[in-house]
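# Examining the three-dimensional arrangement
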Amino acid sequence: MADAVELAAAGRTVRLSSPGKVFFPERGFTKLDLAEYYLAVGPGILRALRNRPTTLERYPDGAGGESFFQKRAPKNMPDWIPTAHITFPSGRSADEMCPTEVAAVLWAAQYGTLTFHPWPVRRDDVDRPDELRIDLDPQPGTDYADAVRAAHELREVLHEYGDLRGFPKTSGGRGLHVFVPIEPRWTFTQVRRAAIAAGRELERRMPDQVTTAWWKEQRGEKIFVDYNQTARDRTIASAYSVRPRPHAPVSAPLTWDEVGEAVPRDFDLATMPARFAELGDVHADMDDHACSLEALLELASRDEHDHGLGDLPYPPEYPKMPGEPKRVQPSRARKDSGPATA
């Protein structure tokens with residue numbers, strides 16, 4: 001194969017070097033296959049990334065090689081790709097790329113980007129999310145089928161608290177993500193509080209199957225509602241992103257009728273283009289359904305007032321947050337407290 005090829009996307013030309021480089025040895029998929037995949041699903045992944053600060057998960061030597069997350073916009077990024085200035089929990093800041101056209105996705109693929117991790121904000125307001133993202137994460141002893149059951153009950157919770165509309169997708173692994181478009185009126189802290197309220201309500205309805213326990217030692221064989229994926233600078237792989245696993249799976253948007261019918265291995269770099277050609281982006285109208293978080297935030301207030309259920313721990317790299325409980329795993333806290341006295 002040639003040392004380089006040029007790909008056209010909506011009037012722009014993107015140069016792809018080493019197009020025959022194998023990125024997924026198990027399936028034989030090359031760098032060119034990756035770029036052509038993103039061309040095939042271009043309107044879908046652009047819908048997921050458009051105007052969002054985006055972290056790049058890069059594998060320059062393919063899925064089996066070394067990888068890194070690139071948060072800061074690369075110095076060699078073309079000037080036609082806009083950026084947004086975002087602030088991390090540490091107080092540091094950076095300019096991140098904000099794709100506005102498919103050619104930006106191809107440019108990132110040229111540099112080994114497999115997975116795109118967009119923030120839940122737009123570049124015109126980087127402090128107020130316009131998506132509530134709920135990550136249903138199967139713990140050891142559970143599987144995708146357990147996540148499916150939790151997702152269907154979560155759909156009912158969302159409907160009952162504010163008539164929220166969730167859009168489900170596979171994670172590309174064993175889990176499910178449910179994205180809820182919201183009005184950009186609330187801070188990251190408030191959106192995270194709403195996610196905790198939804199998770200706790202789901203846990204009340206499915207106490208033997210679902211948990212919001214942050215510490216792994218407390219979760220058991222349940223589906224973990226990872227509420228911290230809504231915290232500032234925590235991102236989830238976008239719809240249509242390729243995941244760095246040997247069979248080249250992708251994060252697939254689903255209709256609710258498909259949740260439980262389809263399985264994650266149905267969707268990969270080879271099969272998704274045909275699905276997209278037939279169905280288009282099944283989440284294309286997502287942005288038309290922005291809802292209010294008021295009902296979930298009212299639920300959070302009742303949980304705190306009536307049941308003493310306040311905040312939950314943040315990730316370890318975060319500074320101590322106001323109202324956060326002690327950030328020490330329970331077994332260590334018991335050990336540090338010493339033996340009980342009579």
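Quantities reported herein were computed from a predicted structural model and do not represent experimental measurements.

Turning next to the sheet that holds strand β10 (residues 131-138). A sheet is described by the order of its strands in space; here five strands give the open sequence β11-β12-β10-β14-β13, paired in mixed fashion. Because the sheet does not close on itself, it has two edges, and the strands there are β11 (167-170) and β13 (210-211). Bridging between β13 and strand β14 (residues 223-225) involves two bridges; their strand directions are parallel. Within the sheet, the bridge partner assigned to V210 lies in β14 and is I223. Running over the sheet, helix α5 (residues 188-205) touches β10, β13 and β14 and is turned about 45 degrees from β10.

A few words on the nonpolar core. One finds F24, Y37, Y38, L132, L136, L293 and L296 to be the most contacted residues of the largest nonpolar core, which totals 87 residues. Lining this core are residues from two domains, each supplying at least three of them: domain 1 (5-126 + 240-250) and domain 2 (131-234 + 289-307). Non-local contacts of L293, meaning those with residues more than four positions away in its chain, are made with L132, I182, W186, V191 and A194. With nine residues, the next largest nonpolar core counts I86, A94, V121 and F188 among its residues.

This part covers the environment of E221. Examined against the element boundaries, E221 turns out to sit in the loop between β13 and β14. Classification of E221 by relative accessible area gives exposed; the value is 58%. When sequence neighbours within four positions are dropped, the list of residues in contact with E221 reads P140, G141, T142 and D208.

This next bit is on the UniProt feature "domain: DNA ligase D polymerase" (unreviewed entry) in the chain. Here, the residues flagged by UniProt with the feature "domain: DNA ligase D polymerase" (unreviewed entry) are residues 30-282. Regarding residues 30-282, the helix share stands at 28% and the strand share at 19%, and the terminal C-alpha atoms are separated by 27 Å.

Another aspect to go through is the pairing of strand β7 (residues 83-87). Alternating positions in β7 separate cleanly, A84 and I86 being buried on one face and T83, H85 and T87 remaining unburied on the opposite face. Sheet analysis places β7 next to strand β8 (residues 93-97), joined by five bridges and oriented antiparallel. The residue bridging A84 from the neighbouring strand is E96, located in β8. Counting the residues in the hairpin turn of β7 and β8 gives five residues, including G91, whose phi is positive at 100 degrees.

Looking now at the packing of aromatic side chains. Scanning all chains against the criterion turns up 10 aromatic pairs. Ring geometry for W107 against Y111: centres 5.0 Å apart, planes inclined by 55 degrees, an arrangement best described as tilted. Among the residues examined, W107 registers a relative accessible area of 8% and is labelled buried. Centre to centre, the rings of F224 and Y227 are 6.4 Å apart; their planes meet at 80 degrees, and the pair counts as edge-to-face. With respect to class, F224 is no different from Y227; both count as buried. Three or more aromatic residues link up through ring pairs in this structure, and these residues are Y37, Y38 and F116. The cationic tip of R192 hangs over the ring face of Y314; the distance from NZ or CZ to the ring centre is 3.5 Å.

Here we come to the domain arrangement of the chain. Annotation of the chain at the domain level lists domain 1 (5-126 + 240-250) and domain 2 (131-234 + 289-307). On a C-alpha basis, the centres of domain 1 and domain 2 stand 27 Å from each other. If you look at the interface, domain 1 gives 15 residues, while domain 2 gives 10 residues. For the pair domain 1 and domain 2, the two sides together bury roughly 1100 Å², of which 45% comes from carbon and sulfur. When the area that domain 1 buries against domain 2 is broken down by residue, the three leading residues are P89, W119 and P120, summing to 39%. Joining domain 1 to domain 2, the criterion identifies two salt bridges. Of the charged contacts in the structure, one is a salt bridge between D233 and K71, with a shortest N-O distance of 2.8 Å. Summed over the shared surface of domain 1 and domain 2, the number is seven residue pairs in polar contact (both at pLDDT 80 or more). For the side of domain 1 that touches domain 2, the class distribution of residues is nine nonpolar, one polar and five charged.

A few words now on the environment of D95. Here D95 lies in strand β8. Residue class for D95 comes out partly exposed when judged on its relative accessible area of 37%. For the pair D95 and A84, spaced 11 residues apart in sequence, the C-alpha separation works out to 5.3 Å. If we ignore the near neighbours within four places in the chain, the residues touching D95 are K71, R72, A73, T83, A84 and H85.

Parameters and conventions
- Residues numbered from 1 in each chain as written.
- Predicted model: local features only at pLDDT ≥ 70, side-chain atom pairs only at ≥ 80, totals over all residues.
- Heavy atoms only, no water.
- Pairing = 2+ DSSP bridges.
- Helix = DSSP H or I, 4+ residues; strand = E, 2+ residues; numbered from the N terminus.
- Contact = heavy atoms within 4.5 Å.
- Axes fitted to C-alpha atoms, helices over the stretch in contact; angles between N-to-C directions.
- Core = buried A, V, L, I, M, F, W, Y, C linked by side-chain atoms within 4.5 Å.
- Buried < 20%, exposed > 50% of the residue type's maximum accessible area, 1.4 Å probe, protein only.
- Domains from an automatic or database assignment.
- UniProt positions renumbered as here; feature names shortened; annotations may be inferred.
- Phe/Tyr/Trp six-rings, centres within 6.5 Å; stacked < 30°, edge-to-face > 60°.
- Lys NZ or Arg CZ within 6 Å of the ring centre and 35° of its normal.
- Buried area = accessible area lost by both parts, 1.4 Å probe.
- Salt bridge = Lys/Arg side-chain N within 4 Å of Asp/Glu carboxyl O.
- Polar contact = N/O pair within 3.5 Å; in protein donor to acceptor, adjacent residues only side chain to side chain.
- Nonpolar A, V, L, I, M, F, W, Y, C, P; charged D, E, K, R; others polar.

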